[in-house]
Structures are given as C-alpha cells and as structure tokens.
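Given next are the chains, with one letter for each unit.
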Amino acid sequence: MTTILALTVKLWLNSFRGFWVNKEDIKTLTRISRSLWGDFDRSLAISEDTLSRIALLRLSDELILERASKSMIERAEKYPPKLLKLTHPFFRMAPIERFLLTTLHIEKWGYSRIARTLGIETSLMESWAWATRIKYCFQEMEAEVEYPRGPSALGNSCPEYNASAPWPQRLLDDELGKRERSFISNHLMACQSCRKLLEVTRKMMFKIEKMIPVDTSPEEMDFATNRIDDVWKSGEALFRPSEVTFGRSLLHFLGRPKVQFILVASAVFCLFWFTRT
Ligand SMILES: [Zn+2]
C-alpha cells in the first residue's frame, strides 16, 4: 500500500516537472547568454525572448536549458552584436567557442551534455575543448602561464599522451573512465613527470576559468531570475491555462490513464484487504 501511495505521489510530482523552469537553470542560462551577448541587459532580454518561445514546447528542465542554449548560439552567430569584440578578448572567440568555455569551466557540464546541446559527436569534444582552451589562453589572452607541453620522454608505465587530446584535460574535466582513472591515479603516485604535466595543465585550466567574463552580481542574478521566472510563468498561463491552478492541475492529473490505473489497483487492493480481515 505504501509503495502504491509513494508511486502516486511521485507521479503527481512528476506531472509538475517542466511547468516552472528551475531557478538554478535560469542562472546558468543567464551566464550562457552573457557569454554570447556581453552586457547584462541585452543578455537578459535575449534569454527572456528565447525562453518565451521555448515555453511553447513541453520539455524537461534539462532539455529547456539545452534547447535555449542552442537557439541563443544560433542567434549570436547570425546577428553578432557590433563592437562586442572590443569589450574583452573573450568576445573575439566564436559564439560556439564561448559557449564551450563557459559550460566547461563555469557550469561544469560534461562532454556528452555539451555535445548533445550542439548536436555533435561526443568523441569530438576532447580535441575541440583542448584546441579552444589553448587558443583562448595563449592566442587571445596571451596569458602568462606555462604552456602545457607533452612529456619530453615517456616512461615505460606512463599513460599514452595524445597532444591534441591529452589525458590531464580528461582527468581535470572528470571524463576518465573507471579503469583509466584508477590506472592514472596509481601512476601519478609514482611518476613525477606526469604529476608535473598534470600540474601545468591544472594551472592553465584555473587561469582560463578566471578569464571568462560572465560574472554577474548577486543583485543582477536575482533580478534576472525573477524576471525570467515571471516570463516563464506567464508563458505557461498563456499556453496551458488548464494546468495552472491547483484544482485544474489535480483534475488533469487524475485524468491520466496511468494514474487511473493506480487508483483502481489501490481500490481493488483495499477491498481485498478489508474483506480478508
Ligand atoms: Zn608518468
């Protein structure tokens, strides 16, 4: 009986998913938008506009964010804001590269999520991420950090080093498979040159993270969150009025075949229980 109750509650809660976009996702979207458009006001206006279009589709939180990001990147590529390149070297990078750096370093998205958002193969991510990081750090920013060169000589037990997709990046992005992770962590305890390689890469990654200008003050973030939340809610109210009030959402919920099946099953179970005792 408890299981049936728990299942019903879970189903009901699930029926609310996607109605209101998650506040953490709004913050992520605000930073992604900022990486594409630079100034706060413009980023907010474009996030609002994009989300109000996406409100038409009934998607999960994760998909809303991915669709909105993709749509904003396409828009930034089509209509790049004039003079944006002058505000910070970051904006000399292509919109898709700025999105990549922001999601990797600030939002800590995994390779598969970024690849899914952009509609590319996950296997391309490693070398693309590496090339973009090197380009941003040393070409655009001319940052004063050590260049992460590969090892001059590989020891017998050192992990294979691919210069366009090196293992230290994979490790720092938390993208190592279980076996590779345990092999590398054991190896690092014994090999000084691999530890050095990892350290140099870590410093470069840290530097890049500090050089991504998507910082938004807590006040701006609260303002953006409330504004976008309002836009989302009014979109929901406009396109799905029957699901907005509690009573109506309950009626809609009870009307779902899966829920009706659970209710009938519970009734049969109760009847059986009472007649038995
Ligand atoms: Zn080694």
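Residues numbered from 1 in each chain as written. Predicted model: local features only at pLDDT ≥ 70, side-chain atom pairs only at ≥ 80, totals over all residues.

(A) Region of the structure containing the overall build of the chain. Each helix and strand in the chain was counted, giving 14 helices and 0 strands. Traced from its N-terminal end to its C-terminal end, the chain shows the element sequence α-α-α-α-α-α-α-α-α-α-α-α-α-α. The buried share of the chain, reckoned over its 277 residues, is 24%. Long-range pairs, those at least 24 residues apart, make up 73% of the contacts in the chain with a sequence separation of at least 6. (Helix = DSSP H or I, 4+ residues; strand = E, 2+ residues; numbered from the N terminus. Buried ≥ 20, exposed ≤ 12 C-beta atoms within 10 Å, placed from the backbone. Contact = placed C-beta atoms within 7 Å.)

(B) Just the environment of F90, in detail. Looking at where F90 falls in the secondary structure, it is placed in the loop between helix 5 (84–87) and helix 6 (95–106). On the neighbour-count criterion, F90 (21 C-beta atoms within 10 Å) is buried. Spatially, the C-alpha atoms of F90 and L36 are 9.9 Å apart, while their sequence positions differ by 54 residues. Beyond its immediate stretch of four places on either side in the chain, F90 contacts R98, M211, I212 and P213.

(C) Highlighting the nonpolar core. Counting residues in each nonpolar core, the largest one holds 36 residues, and the members touching the most others are L36, L51, A68, M72, L100, I208 and I228. For this core, the elements supplying multiple residues, two or more each, are helix 2 (23–37), helix 3 (40–54), helix 4 (61–78), helix 6, helix 8 (125–140), helix 11 (192–210) and helix 12 (218–239). I228 has contacts with I26, S47, E48 and L51, leaving out every residue within four places of it along the chain. (Core = buried A, V, L, I, M, F, W, Y, C linked by C-beta atoms within 7 Å.)

(D) Fine view of the confidence of the model for the chain. When pLDDT is averaged along the chain, the result is 86, and 86% of the positions lie at 70 or above. Under a pLDDT of 50 for its full length, residues 14–19 has, in the predicted model, 9 contacts with residues more than four places off or in other chains. (pLDDT = per-residue confidence, 0-100.)

(E) Layout of the packing of helix 8 against helix 11. Interaxial distance between helix 8 and helix 11 falls to 10 Å at its minimum, and their mutual angle equals 70°. What the angle tells us is that helix 8 and helix 11 run roughly perpendicular. In this structure, helix 8 uses R133, Y136 and C137 to contact helix 11, whose residues at the interface are M204, K207 and I208. Among the residues forming the contact of helix 8 with helix 11, the class breakdown is 4 nonpolar, no polar and 2 charged. (Axes fitted to C-alpha atoms, helices over the stretch in contact; angles between N-to-C directions. Parallel < 35°, antiparallel > 145°, perpendicular 65-115°, else oblique. Nonpolar A, V, L, I, M, F, W, Y, C, P; charged D, E, K, R; others polar.)

(F) Layout of the environment of F206. In this structure, F206 sits in helix 11. Overall, F206 belongs to the partly exposed group, with 13 C-beta atoms counted inside 10 Å. In this structure the C-alpha to C-alpha distance between F206 and H105, which are 101 residues apart in sequence, comes to 8.7 Å.

(G) How the structure looks around unusual backbone geometry. Of note, the phi angle at K108 is positive, near 55°, even though the residue is not glycine. By the element assignment, K108 lies in the loop between helix 6 and helix 7 (111–118). On the basis of neighbour count, K108 is assigned to the exposed category, with 10 C-beta atoms found within 10 Å.

(H) Representation of the packing of helix 2 against helix 4 within the structure. For the pair helix 2 and helix 4, interaxial distance at closest approach is 10 Å and the crossing angle is 10°. One way to sum up the angle between helix 2 and helix 4 is to call them roughly parallel. Contact residues: D25, T28, L29, I32, S33, L36 and W37 in helix 2; D61, I64, L65, A68, S69, M72, I73 and A76 in helix 4.

(I) Focus on helix 11. Its 19 residues place the ends of helix 11 27 Å apart at the C-alpha level, agreeing with the 27 Å of an ideal helix rising 1.5 Å per residue. Those residues of helix 11 not exposed but buried are C194, L197, L198, T201, M204, M205 and I208. Looking straight down helix 11, one finds that the buried residues subtend no more than 125° of arc, so they occupy a single side. Pointing more than 90 degrees away from the buried face of helix 11 are the exposed residues Q192, K196 and K210. Looking at the packing, one finds that the buried side of helix 11 touches helix 6, helix 8, helix 9 (167–172) and helix 10 (178–190). (Expected span 1.5 Å × (residues − 1). Arc of directions from axis to C-beta.)

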